[in-house]
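Letter by letter, the chains look like this.
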Amino acid sequence: MTATRPAVIALTALAPVSWGSTYAVTTEFLPPDRPLFTGLMRALPAGLLLLALARVLPRGAWWGKAAVLGALNIGAFFPLLFLAAYRMPGGMAAVVGSAGPLLVVGLSALLLGQRPTARSVLTGVVAASGVSLVVLEAAGGLDPLGVLAAVASTAAMSTGTVLAGRWGRPAGVGPLALTAWQLTAGGLLLAPLALLVEGAPPALDGPAVGGYLYLALANTALAYWLWFRGIGRLSATQVTFLGPLSPLTAAVIGWAALGEALGPVQLAGMGLAFGATLAGQWAPRRTRVPERPFERTRGGARRDARTGRPLVPD
């Protein structure tokens, strides 16, 4: 086993580390019960900013692909994530989200033809178990709608991650443009829904404005650029195994800034989840396919030593 591009992995990991602050910012600074508006404010400004920087629009089939990826990774994921955060303790939502690596392993088998290995499945189980130990102690009761939203958000993001890895990027298009397309498409999808379902935007005070600016710029524009950049250079499984860094970061923020306790069980869970994250970054060495044995005839032609048939170049 050999590590794959440590610098790319480290930069990609900054995305889930940033996302670990989403729950604290949402509960401490943003207006309550506005998942669609919050998702819109996080996605559309960031998408338009990156689109202005990239100055590249989709072409041909990529209009549809960008719309699908934007709907999954942004338009569905953001409001479902915030709905889960509003209706459940962040710990319970994190436990559901930690199943993402296992979903990606399964979807990669279906959509990419990548056969799941015992190592990847075991690593996913260990990651989910570690996150559970970190957050379940203070997770509180179950809210059916919140659980459903958390499951749906994890499924949407996992599907989008695998499809992004399958489709790659158009020739000559960088990750900045691809990120801009998805954020803009997702934001445009959310705009009419937020208006129809939640009505007019709420009044915003200073902390709320600061919270939305942070979510749009650092937590979304920069973080998603790093995330999709990583998807283009790493396998979908490697990228998704960085996901547990998000609830681990949330737990550390809760301990450092919100006065939440971290006991021995939670610390052990953090160690398990972090170890699984590291294990998920090790890619198997490609097995070299042996050449067919051959022998030469008197005329110099090659033939298969087992069958005696002439060898045709592959």
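Worth saying up front: this structure is predicted, and the values here are computed from it rather than measured. (Residues numbered from 1 in each chain as written. Predicted model: local features only at pLDDT ≥ 70, side-chain atom pairs only at ≥ 80, totals over all residues. Heavy atoms only, no water.)

1. So, the overall build of the chain
Helix and strand content of the chain: 13 helices and 4 strands. Among the 314 residues that make up the chain, the fraction classed as buried is 46%. Considering only contacts in the chain between residues 6 or more positions apart, those separated by 24 or more positions represent 85%. Of the roughly 15,600 Å² of accessible surface on the chain, a fraction of 66% belongs to carbon and sulfur atoms. (Helix = DSSP H or I, 4+ residues; strand = E, 2+ residues; numbered from the N terminus. Buried < 20%, exposed > 50% of the residue type's maximum accessible area, 1.4 Å probe, protein only. Contact = heavy atoms within 4.5 Å. Areas by Shrake-Rupley, 256 points an atom, 1.4 Å probe, with all protein chains shown as cover.)

2. Observations regarding the side chain of Asn 219
When you line up the elements, Asn 219 lands in helix α10 (residues 206–233). Judged by relative accessible area, which is 0%, Asn 219 ranks as buried. Only 3.2 Å separates the side chain of Asn 219 from the side chain of Thr 22, close enough to count as a polar contact. Every residue in contact with Asn 219, bar those within four places of it in the chain, is listed here: Ser 18, Trp 19, Ser 21, Thr 22, Arg 42, Tyr 214 and Tyr 224. (Polar contact = N/O pair within 3.5 Å; in protein donor to acceptor, adjacent residues only side chain to side chain.)

3. Some details on the confidence of the model for the chain
As a note on interpretation, predicted positions should not be read in detail where pLDDT is low. A residue-level look at the chain finds 81% of positions with pLDDT of 70 or above and a mean pLDDT of 80. Throughout residues 285–297 the model reports pLDDT below 50, and contacts reaching past four residues in sequence, or to other chains, amount to 22 contacts. (pLDDT = per-residue confidence, 0-100.)

4. Focus on the packing of aromatic side chains
Tallied over the full model, the rule gives 7 aromatic pairs. Through successive ring pairs, a cluster of aromatic residues spans Trp 19, Phe 77, Phe 78, Tyr 224, Trp 227 and Phe 228. Lying over the aromatic face of Phe 78, Arg 42 brings its terminal NZ or CZ to 4.2 Å of the ring centre. (Phe/Tyr/Trp six-rings, centres within 6.5 Å; stacked < 30°, edge-to-face > 60°. Lys NZ or Arg CZ within 6 Å of the ring centre and 35° of its normal.)

5. A short note on the packing of helix α4 (residues 62–87) against α10
Each pair of packed helices gets described by two things: the angle between the helix axes and the distance between those axes. Running from N to C, α4 and α10 cross one another at 130 degrees; their axes reach a closest spacing of 14 Å. As judged from the angle between their axes, α4 and α10 are oblique. Of the two possible hands of crossing, α4 and α10 adopt the one that is right-handed. Side by side, α4 and α10 meet where Asn 73, Ile 74, Phe 77, Phe 78 and Phe 82 of the first sit next to Leu 215, Thr 220, Tyr 224 and Phe 228 of the second. Class assignment of the residues belonging to the contact of α4 with α10 gives a composition of 7 nonpolar, 2 polar and no charged. (Axes fitted to C-alpha atoms, helices over the stretch in contact; angles between N-to-C directions. Parallel < 35°, antiparallel > 145°, perpendicular 65-115°, else oblique. Left-handed = near helix turned anticlockwise from the far one by under 90°. Nonpolar A, V, L, I, M, F, W, Y, C, P; charged D, E, K, R; others polar.)

6. Concerning the environment of Val 25
For Val 25, the location among the structural elements is in helix α2 (residues 22–29). If sequence neighbours within four positions are ignored, Val 25 has contacts with Leu 30, Gly 211, Tyr 214 and Leu 215.

7. Considerations on the environment of Gly 254
Locating Gly 254 in the fold gives a position in helix α12 (residues 245–257). Residue Gly 254 is classed as buried on the basis of its relative accessible area, which comes to 3%. For Gly 254 and Ala 24, which are 230 residues apart along the polypeptide, the C-alpha to C-alpha distance reads 7.5 Å.

8. Regarding unusual backbone geometry
Although it is not a glycine, Asp 33 sits at a positive phi angle of roughly 55 degrees. Locating Asp 33 in the fold gives a position in the loop between α2 and α3 (35–54). Relative accessible area serves as the criterion here: at 58%, Asp 33 is assigned to the exposed category.

9. Looking at the nonpolar core
If you look at the biggest cluster of nonpolar residues, it comprises 34 residues, and the most contacted ones within it are Trp 19, Trp 181, Tyr 224 and Trp 227. If you list the elements that add at least two residues to this core, you get α1 (6–19), α3, α4, α8 (144–167), α9 (175–198) and α10. Discounting chain neighbours no more than four positions away, the residues touching Tyr 224 are Trp 19, Arg 42, Asn 73, Ile 74, Phe 77, Phe 78, Met 157, Thr 179 and Asn 219. Residues Leu 30, Phe 37, Phe 82 and Leu 215 belong to the second largest nonpolar core, which totals 6 residues. (Core = buried A, V, L, I, M, F, W, Y, C linked by side-chain atoms within 4.5 Å.)

10. Things to note about α9
Taking 1.5 Å per residue, 24 residues should reach 34 Å; α9 reaches 33 Å between its end C-alpha atoms and fits that length. A positive backbone phi angle near 80 degrees is found at Gly 199, which sits one or two residues after α9. (Expected span 1.5 Å × (residues − 1).)

11. Here's the deal with the side chain of Thr 184
Within the secondary structure, Thr 184 sits in helix α9. Among all residues touching Thr 184, those that are not within four sequence positions of it are Leu 44, Gly 47, Leu 48 and Leu 51.

12. Re the packing of α1 against α10
Look at α1 against α10: their axes get within 8 Å of each other, and the N-to-C directions meet at 145 degrees. The interaxial crossing formed by α1 with α10 has left-handed handedness. Seen from α1, the contacting residues are Val 8, Leu 11, Thr 12, Leu 14, Ala 15, Pro 16, Ser 18 and Trp 19; seen from α10, they are Tyr 214, Ala 218, Asn 219, Ala 223, Tyr 224, Leu 226, Trp 227, Arg 229, Gly 230 and Arg 233. Taken together, the residues of the contact of α1 with α10 sort by class into 12 nonpolar, 4 polar and 2 charged.

13. Some words on empty space enclosed by the protein
What the rule picks out here adds up to 1 cavity of 30 Å³ or more. Considering the residues around the largest cavity, the lining is formed by Ala 164, Gly 168, Arg 169, Leu 178, Phe 228, Ile 231 and Gly 232. Among the elements that make up the lining of the largest cavity, the one with the highest residue count is α10 (3 residues). Grouping the amino acids of the lining of the largest cavity by side-chain chemistry returns 4 nonpolar, 2 polar and 1 charged. (1 Å grid on protein atoms, 1.4 Å probe; cavity = no way out; pocket = protein on both sides within 12 Å on 5 of 7 lines; lining within 4 Å. Points joined across faces, edges and corners; volume = space filled by probe spheres on them.)

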